[in-house]
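# Tertiary structure, described
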Amino acid sequence: MSCFSCTPARHGAALGLFALAAVLAGCSRPPAQEEPVRAVKLLTVAATPLVSAPEYAGEVRARVESRLGFRVGGKVLRRQAELGQRVRAGQVLAELDPRDLRLSVEAAQAQAAAARTQRDLAEADLARYRELRARNFISAAEMERREASFKSAQAQFDQARAQAGVQGNQAAYAVLAADAAGVVTGVDAEPGQVVAAGTPVVRVAVDGPRDVVFAVPEDRVALVRLGSTVSVRGWGADAGQPIEGRVREVAASADPVTRTYTVKVAVDAADAPALGATVYARPSALSQAGTPVIKLPTSALRQEGQGSAVWVLDPASMTVRSQPVQIATADGNEAVIASGLAPGMQVVTAGVHVLAPGQKVSAYRDRYAPAAGAAPAPAAAASGGAR
C-alpha cells in the first residue's frame, strides 16, 4: 500500500512523532570536546656552573682631592684656574682684592713703629737712671720702676711687631696657590664673588695614586674584606684589558639616602683609566663563578600568586603540574633557582601561558633538526651534483 492511501489521522500522528524527536534532539547536550594535546619544549633540569659574577658601576677618583680656599675673606678679583686644567705646585689659582689687606698691613707697621719709639725712649731713660743710681741720686725703688717701664715698652714693641707680621701674612693669603701638581676638578667661586675664610674656591685632584669608588648593597658588604682583589674594567669599547686592584677602604656606615656602603679600591695610577671615568668593578670576594646551580631560561617562568612557578612534566601520564620555585639571582639571561626543583625534572620552557594543570602535552621536535645519528648529506648532493 502506498503512503497516499494513509488516512489523515495516521499522517498527522507521524508528523507529531517526527516533531517530538526533533525537539528532543535539540535539547540534548553536545558531546564534550577533548582538550588538545599541546606540543611544548622541555628542558631536563641539571646543575650547571655559574658564569657571571656581580659587577658594580664605579668612578675613578684621585686618592687626594683638595678643596682649596683663601685663608682670609674678601672679594674674588681674578680666577686663573679653569675646569680640567693641569696645574703645578705653587701655581696661582685665584686672587682676592688686596686693598683692605694692604691698609691693615700699613696700620700694623705704623703701630710697630710707634711701639719702637716708646721702647727706645724707655731704654734711654733707663740708661740715665742707671747712672743716677750709681751715684746714689735715686732710690732703688725708682730704679725698679724705670726697669719695669722699659720691659713694658719692649713687650709692646714685640707685640706690635708680631701683629705686623700677621697682617703681612694675611696680605699674602690673598693669593691662592696650588699645594701640589694635579688637575682642577671643580670651580666653586667666580670673580666678583665675596667669600669667607675657608670657603672652597677650587678643587684639585692631586697627581698620584688613584681609587675606584663604588657602592655595595648592605647584604654584601660583610663579604668585602680589606686587601681582597677587585677586577676593574673600563666602560667604553676601547677600555682594554681589565686591571687588578685591592680594597683599600670600606665605609663604616651606610649612605643615609641609598643605604649602600662605599668601597674604595686602590689601583696603579699608570694603568688606571682617566680621572672621573666610569668603570665596572668585580670583587673577587663576591664572585661565585663555577658554583653548580640550577638555571632556567626566563621563558620557563610564570607568575603564580605572589611568587614564581614552572610547569613540570609527569613522564608517566605526559601531563603537567604547577611547581612553585624561588629565584635567587640572574646569571646572564637565565634565572638561578634557589629552591623548588631537583636535577632530573623536566620543565616546560615554551608555551607556559597556554597550559593548565593536568593537561596532556607532547614533546616538541623541530622537523628541520637533523635526526640523531644521521650522517650529513654529501657535498655533491647538497649542491645538486657535479657538472
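Residues numbered from 1 in each chain as written. Predicted model: local features only at pLDDT ≥ 70, side-chain atom pairs only at ≥ 80, totals over all residues. Heavy atoms only, no water.

Per an unreviewed UniProt entry, the protein chain goes by the name RND transporter and belongs to Pseudacidovorax intermedius. Under the Sequence similarities (unreviewed entry) heading, UniProt states for the protein chain: "Belongs to the membrane fusion protein (MFP) (TC 8.A.1) family." (UniProt positions renumbered as here; feature names shortened; annotations may be inferred.)

### Quick word on the overall build of the protein chain
Secondary structure summary: the protein chain contains 4 helices and 23 strands in total. Taken across its 387 residues, the protein chain has 28% of its residues classed as buried. Excluding contacts between residues fewer than 6 apart, the proportion of contacts in the protein chain whose partners are at least 24 apart in sequence is 73%. When the accessible surface of the protein chain is split by element, carbon and sulfur atoms take 54% of a total near 24500 Å². (Helix = DSSP H or I, 4+ residues; strand = E, 2+ residues; numbered from the N terminus. Buried < 20%, exposed > 50% of the residue type's maximum accessible area, 1.4 Å probe, protein only. Contact = heavy atoms within 4.5 Å. Areas by Shrake-Rupley, 256 points an atom, 1.4 Å probe, with all protein chains shown as cover.)

### Comments concerning the pattern of salt bridges
Applying the stated rule across the entire model yields 19 salt bridges. Across the pair Arg233 and Glu55 runs a salt bridge, and its minimum N-O distance is 2.9 Å. Note that Arg233 is positioned in strand β13 (residues 229–234) and Glu55 in the loop between β2 (47–49) and β3 (56–62), a separation of 178 residues in sequence. The exposure class of Glu55 is partly exposed, given its relative accessible area of 29%. Close ionic contact of Glu190 with Arg79 constitutes a salt bridge, the shortest N to O distance being 2.7 Å. Taken together, the residues Glu190 in the loop between β9 (182–187) and β10 (194–195) and Arg79 in strand β5 (residues 74–79) connect sequence positions 111 residues apart. Residue classification places Arg79 among the buried positions, given a relative accessible area of 16%. One network of salt bridges, with partners in common, ties together Arg63, Asp211, Arg248 and Glu249. (Salt bridge = Lys/Arg side-chain N within 4 Å of Asp/Glu carboxyl O.)

### Thoughts on the layout of surface pockets
Estimated volume of the largest pocket: approximately 230 Å³. The greatest single-element share of the lining of the largest pocket, amounting to 3 residues, is contributed by strand β20 (residues 319–331). Residue classes in the lining of the largest pocket are distributed as 7 nonpolar, 3 polar and 2 charged. In this structure, the second largest pocket encloses a volume near 160 Å³. As for the second largest pocket, its lining consists of Arg67, Leu68, Gly69, Phe70, Arg71, Ala172, Tyr173, Val175, Leu176, Ala177, Ala178 and Asp179. Secondary structure elements with two or more residues in the lining of the second largest pocket: β4 (65–69) and β8 (175–177). The residue makeup of the lining of the second largest pocket, split by class, is 8 nonpolar, 1 polar and 3 charged. (1 Å grid on protein atoms, 1.4 Å probe; cavity = no way out; pocket = protein on both sides within 12 Å on 5 of 7 lines; lining within 4 Å. Points joined across faces, edges and corners; volume = space filled by probe spheres on them. Nonpolar A, V, L, I, M, F, W, Y, C, P; charged D, E, K, R; others polar.)

### Some points on the packing of helix α2 (residues 99–134) against helix α3 (residues 140–172)
Where α2 contacts α3, the axes come no closer than 8 Å and their chain directions differ by 160°. What the angle tells us is that α2 and α3 run roughly antiparallel. Remark: the crossing between α2 and α3 carries left-handed chirality. Of the residues assigned to the contact of α2 with α3, the class counts are 16 nonpolar, 11 polar and 9 charged. (Axes fitted to C-alpha atoms, helices over the stretch in contact; angles between N-to-C directions. Parallel < 35°, antiparallel > 145°, perpendicular 65-115°, else oblique. Left-handed = near helix turned anticlockwise from the far one by under 90°.)

### A short note on the packing of aromatic side chains
Using the criterion set out here, one finds 1 aromatic pair in the structure. Look at Tyr56 and Phe214: their rings are 5.9 Å apart centre to centre, the planes differ by 15°, and that puts the pair in the stacked class. Here Phe214 lies in strand β12 (residues 210–216) and Tyr56 lies in strand β3, a separation of 158 residues in the sequence. Residues Tyr56 and Phe214 agree in their burial class; the two are buried. Sitting over the ring of Trp311, Arg302 keeps its end group 3.9 Å from the ring centre. (Phe/Tyr/Trp six-rings, centres within 6.5 Å; stacked < 30°, edge-to-face > 60°. Lys NZ or Arg CZ within 6 Å of the ring centre and 35° of its normal.)

### What to know about unusual backbone geometry
With a phi angle near 65°, Asn136 is a residue other than glycine that sits in the positive phi range. Checked against the element boundaries, Asn136 lands in the loop between α2 and α3. Since its relative accessible area comes to 61%, Asn136 is described here as exposed. Positive phi is not limited to glycine here, since Arg259 has a value of about 60°. Positionally, Arg259 belongs in the loop between β14 (243–250) and β15 (261–267).

### Some points on the environment of Gly186
For Gly186, the location among the structural elements is in strand β9. With residues up to four places along the chain from it excluded, the contact list for Gly186 reads Leu83, Val201, Val202 and Arg203.

### Considering the sheet that holds strand β7 (residues 92–96)
Ordered in space as β8-β7-β5-β10, the 4 strands form an open sheet in which the pairing is antiparallel. In this open sheet, the two strands that pair with only one neighbour each are β8 and β10. Bridge count between β5 and β7: 3 bridges; the pairing is antiparallel. Note on β7: the bridge partner recorded for Arg79 is Ala94. (Pairing = 2+ DSSP bridges.)

### Remarks on α2
Counted at 1.5 Å a residue, the expected span for α2 with its 36 residues is 52 Å, and the 53 Å between its end C-alpha atoms agrees. Three or more residues of α2 are buried, namely Leu101, Val105, Ala108, Ala112, Ala115, Arg119, Ala122, Asp125, Leu126 and Tyr129. Residues of α2 that are buried make contact with α3. Backbone geometry just downstream of α2 places Asn136 in the positive-phi region, at approximately 65°. (Expected span 1.5 Å × (residues − 1).)

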